[in-house]
Every structure is written in C-alpha cells, then in structure tokens.
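# Breakdown of the fold
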Amino acid sequence: MRAFTILNSRFVPLPIENIDTDQIIPARFLKSTTKDGFGKNLFRDWRYENDDEKKPKTDFALNQSQYKGEILVAGKNFGCGSSREHAAWSILDYGFRAVVSSFFADIFKNNALNNGVLPVTVSEEFLKKIFQQNNTSTLSIDLEKQTITIDKTGEQEHFDISDYKKTCLLNGYDDIDYLLSLKKEIEQFETTEK
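Residues numbered from 1 in each chain as written. Predicted model: local features only at pLDDT ≥ 70, side-chain atom pairs only at ≥ 80, totals over all residues. Heavy atoms only, no water.

Next up on the list: the side chain of Q64. Tracing the chain through its elements places Q64 in the loop between α2 (44-47) and β2 (71-74). Polar side-chain contacts of Q64 include one of 2.9 Å to the backbone oxygen of T58. Of the polar contacts made by the side chain of Q64, one reaches the backbone oxygen of D59; its length is 3.2 Å. For Q64, the residues in contact, after removing those within four places along its chain, are T58 and D59. (Helix = DSSP H or I, 4+ residues; strand = E, 2+ residues; numbered from the N terminus. Polar contact = N/O pair within 3.5 Å; in protein donor to acceptor, adjacent residues only side chain to side chain. Contact = heavy atoms within 4.5 Å.)

The phi angle of most residues is negative, glycine excepted, and most peptide bonds adopt the trans form. Residues other than glycine seldom take positive phi values, yet N18 does so here, at roughly 60 degrees. Within the element layout of this structure, N18 appears in the loop between β1 (6-14) and α1 (21-24). Look at N18 and you get partly exposed, because its relative accessible area is 42%. At F43, a position not held by glycine, the phi torsion is positive, near 50 degrees. When you line up the elements, F43 lands in the loop between α1 and α2. (Buried < 20%, exposed > 50% of the residue type's maximum accessible area, 1.4 Å probe, protein only.)

Here it is as structure tokens:
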C-alpha cells in the first residue's frame, strides 16, 4: 500500500445518503479475486445509460470534467449494505485515496482502511460546508494530526482513527507488513521469555 500522510486535493461531491456497496460496485462485477480493474465499474449503474459505457449520464459527478481529485465526499451512511471488500477496491482503483462522510458503515470503514483508503468522518455541519464549496475548492487531510481542512475558508475538523490503522496507513503497511515491522521485537520477546 502507498503511505498516507497529507493529502491535498480537489474533491468529487456525491451528496447522496445511504450509498450501499451494490451501488458502489454492482454485484455482477464481482467475478475477480484480484484488486485490479474495479475502478472502471465504480458506480456503474449511476454512470452509464443502460450499462453502456458509450452513453455516460452527464448529470453524474464522475462524468463531469469539472470534478476531479483524490477525495470523494459523500452523504451520510456511506458503504451500507453487504460486506463486499470490492467496494473499497473499486474506490481505490478509480483513484480516490480518501472518502469523507458524516457516517460510514462499520464493515465498509474497516475494508477501506485495510486497503489504504482513508474514511474521514466529519460532522453533518462540516459536511454541508464542504458541499457548499465550488468545483475548484480543495481539501487537506492530515493523517498525523487527524484533521481535515477546507482550504479556501481555513475551517477545520478533527477526525478519529484507531492508533493501529493510523500507523498502518502512515507507513503504507497492510496487516502482514505491520507484523513484519515488529520482527525484531517479536524475536527479542521470544529469546527473553524462554
């Protein structure tokens, strides 16, 4: 995984509540067990008319050239529904490094963290302020300080993350990498406890 420290980026607004994992990545695209290639089907049913890539829906944010960036900002209760890890894979493969919402489904949140996507939970009020920004506005997410800032206004909020997942993201570790980083401490413990 890529290390995550500070992300400064424009964002793609998706002010829809209760976006479930089947909307993020429809079940018919879950035929692969590798993480590659899922981004092209992110929000597939919302992006295209009759599942035809040649007919993008012009009113959907991902199809509008004015919206770009590595941050997806979505309405409350993002990632609800079934527990498919493919939802996090598709978000990352599309190019998003972080998702901002006022509430995340627990399983989606854990899947995102396990795959290097940072879910940033903000208050409803702060989320509304983000949605009020224009299409050239940027957000700054500082994982070390656990803050998200609307760069144009300087308004900032703190977000929570477990110390373990924070360490993993800051270093680009998955769970195995984290254990390997403790190899010396584990070996030392084994020799002193005998």
